[in-house]
Amino acid sequence: MPEDLTPKPGPALPVAPPFLPFALPDIGDEEIAAVVECLRSGWVTTGPRTRQFEHDFAAYLGDGVEAISVNSATAGLHLALEALGIGPGDEVIVPTLTFTATAEVVHYLGAHPVLVDADPDTLNLDLAAVEAAIGPRTRAIIPVHYAGLACDMDAVLALARAYQLKVVEDAAHAFPTHYKGRLVGTLASDATVFSFYANKTMTTGEGGMVVTRDATLARRVRLMRIHGISQDAFDRYTSRTPAWFYDVVAAGFKYNLTDLASAMGIEQLRKIDRFLLRRQELAQAYAIGLQGLPLRLPCVPGAGSSHAWHLYVVRLEAGARFGRDELIARLAERGIGTSVHFIPLHRHPFWRDSCRLSPEQFPVAEASFACMLSLPLYTRMSDADQQRIIDTLRELLT
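The rules we used
Residues numbered from 1 in each chain as written. Predicted model: local features only at pLDDT ≥ 70, side-chain atom pairs only at ≥ 80, totals over all residues. Heavy atoms only, no water. Axes fitted to C-alpha atoms, helices over the stretch in contact; angles between N-to-C directions. Helix = DSSP H or I, 4+ residues; strand = E, 2+ residues; numbered from the N terminus. Parallel < 35°, antiparallel > 145°, perpendicular 65-115°, else oblique. Left-handed = near helix turned anticlockwise from the far one by under 90°. Contact = heavy atoms within 4.5 Å. Nonpolar A, V, L, I, M, F, W, Y, C, P; charged D, E, K, R; others polar. Buried < 20%, exposed > 50% of the residue type's maximum accessible area, 1.4 Å probe, protein only. Pairing = 2+ DSSP bridges. Right-handed = clockwise from strand over helix to strand, strands pointing away. Polar contact = N/O pair within 3.5 Å; in protein donor to acceptor, adjacent residues only side chain to side chain. Arc of directions from axis to C-beta.

Focus on the packing of helix α11 (residues 324-333) against helix α14 (residues 383-397)
The relative placement of two packed helices comes down to the angle between their axes together with the axis-to-axis distance.
For step 1, the next point in the chain: Put simply, α11 and α14 touch, their axes get as near as 11 Å, and they point 130° apart. One finds that α11 runs oblique with respect to α14. Handedness of the crossing formed by α11 with α14: right-handed. Contacts between α11 and α14 pair Leu 327, Arg 330 and Leu 331 from the former with Thr 392, Leu 393, Leu 396 and Leu 397 from the latter.
For step 2, the next point in the chain: Looking at the contact of α11 with α14 residue by residue, the classes come out as 5 nonpolar, 1 polar and 1 charged.

Laid out in structure tokens, this is it:
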């Protein structure tokens, strides 16, 4: 009988576990249905759903605020500073440990961002550095609520009052965050700007919201977000009488949010308390599961305050088996995504060169950047997924 040369199956190869991304949006059937309904309505740009989203967002925050939707938090920061009259020759204090958008909006207006170092515990801006940076041309401060933990806003606002400065909160990470019993967005700053980017605590894909109690600022933001046109496009296009005439009263921008995005935002906002609870559960599980490892865990908020847990940022301690970059690579080999928040602005060529900056000016941000990484944290992550991350870190670092 001829020899059977048919290849024989070898031993089964181990199946790699699924990749766990650093972040993942939580989109349900409700958001999909809302967007489909919007498409079928025939109105897809700024219109009735955007107005409802603004109303619902302001109602969630409460305390008499107005909410003006925009197509990104970057746009919102730009509009808020423009409405406050920031312009050429002015200086605005910005933390170096932030995304470039916080500083670039200052540059858009011909003003100069003055970068300050981070607080070693919270990684929010260092208040002593803020006061030291105030000079005769300083007009405003942009505190960034890093990772979802509020800055010491009492101290920020006290400095602003003492030196007659404006305050625009960059709350891209901080919805919903409480500071001493009050939601960020309802404090005494001039404006607060939220982000609904894909990896935030709620998302519209791209989008943001400017929140303020200043009626004059709100009017200016609304005007400038759609080309500086005197009459809102929605009013003109839905009017049952001729309403074609409008005036361009300022050289505005194209920063409006669409109804498609707002339809999604309405549904996400309805889920935000559930999202927050899940993020808090995941943060607590990390805090317990990572105990005893050479990791500095994030600061927790004080009494009466809460953390949005947009990010879970850990810092490797001295003597850890691996440096930050090697740990990130080893986690990736095991199917676990991470990120770094942030490469400090003073390290980027544009800000380094245009602002004449050096690492020695920012010792805390430098030291933190060298050892920090952001672990996966998103509401769709299962307990088993998170345990896999914890177990992998324990294996690598023990």
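Focus: helix α4 (residues 101-108)
For step 1, the next point in the chain: Taken as a whole, α4 has its buried residues at Ala 101, Thr 102, Ala 103, Val 105 and Val 106.
For step 2, the next point in the chain: Buried residues belonging to α4 abut α3 (73-83), β2 (91-95), β3 (112-116), β5 (166-170) and α12 (349-354).
For step 3, the next point in the chain: Of the residues one or two after α4, Gly 110 is the one with positive phi, at around 80°.

Focus on the pairing of β3
For step 1, the next point in the chain: Most of β3 sits out of view: 4 of its 5 residues are buried.
For step 2, the next point in the chain: Bridging between β2 and β3 involves 5 bridges; their strand directions are parallel. Pairing of Val 94 across the sheet is with Leu 115, part of β3.
For step 3, the next point in the chain: What joins β2 to β3 is α4, and the crossover it makes is right-handed.

Observations concerning the environment of Gly 323
For step 1, the next point in the chain: Tracing the backbone through its elements, the reader meets Gly 323 in the loop between β11 (312-316) and α11.
For step 2, the next point in the chain: Sequence-wise, Gly 323 and Ala 370 are 47 residues apart; in three dimensions their C-alpha atoms are separated by 8.4 Å.

Quick word on the side chain of Ser 72
For step 1, the next point in the chain: Structurally, the position occupied by Ser 72 is in the loop between β1 (66-70) and α3.
For step 2, the next point in the chain: On the basis of relative accessibility, which here comes to 17%, the residue Ser 72 falls in the buried class.
For step 3, the next point in the chain: A distance of 3.0 Å separates a polar atom in the side chain of Ser 72 from the backbone nitrogen of Ala 75.
For step 4, the next point in the chain: When sequence neighbours within four positions are dropped, the list of residues in contact with Ser 72 reads Gly 207 and Gly 208.

A look at unusual backbone geometry
For step 1, the next point in the chain: Note that the residue after Phe 175, namely Pro 176, is joined by a cis bond; omega there is -10°.
For step 2, the next point in the chain: A cis amide bond links His 341 with the next residue in sequence, Phe 342, at an omega value of 5°.
For step 3, the next point in the chain: Mapped onto the fold, Phe 342 is located in the loop between α11 and α12.
For step 4, the next point in the chain: One non-glycine residue with positive phi stands out, namely Asp 63, at about 65°.
For step 5, the next point in the chain: The phi torsion at Arg 356 lies on the positive side, around 55°, for a residue other than glycine.
For step 6, the next point in the chain: Within the secondary structure layout, Arg 356 lies in the loop between α12 and α13 (363-371).

Examining α11
In an α-helix there are 3.6 residues to a turn, and that puts residues three or four apart on one side.
For step 1, the next point in the chain: Those residues of α11 not exposed but buried are Arg 324, Leu 327 and Leu 331. Along the long axis of α11, the arc covered by the buried residues comes to 60°, so they all point the same way. For α11, exposure combined with an orientation more than 90 degrees from the buried face picks out Asp 325 and Glu 333.
For step 2, the next point in the chain: Those residues of α11 that are buried are in contact with β11, α13, β12 (372-375) and α14.

Points about the sheet that holds strand β4 (residues 138-141)
Strand pairing in a sheet relies on backbone hydrogen bonds, with the paired strands running either antiparallel or parallel.
For step 1, the next point in the chain: Read across the open sheet, the 7 strands follow the order β1-β9-β8-β5-β4-β2-β3; overall the sheet is mixed. The outermost strands of the open sheet, each flanked by one partner alone, are β1 and β3. Averaged over all adjacent pairs, the angle separating strand axes in this sheet is 25°, with direction ignored.
For step 2, the next point in the chain: Sheet strands touched by helix α6 (residues 153-163): β4 and β5. Its angle to β5, the strand with the most contacts, is close to 150°.
For step 3, the next point in the chain: Where helix α7 (residues 215-225) meets the sheet, its contacts fall on β1, β8 (191-195) and β9 (208-212), and the angle it forms with β1 comes to roughly 20°.

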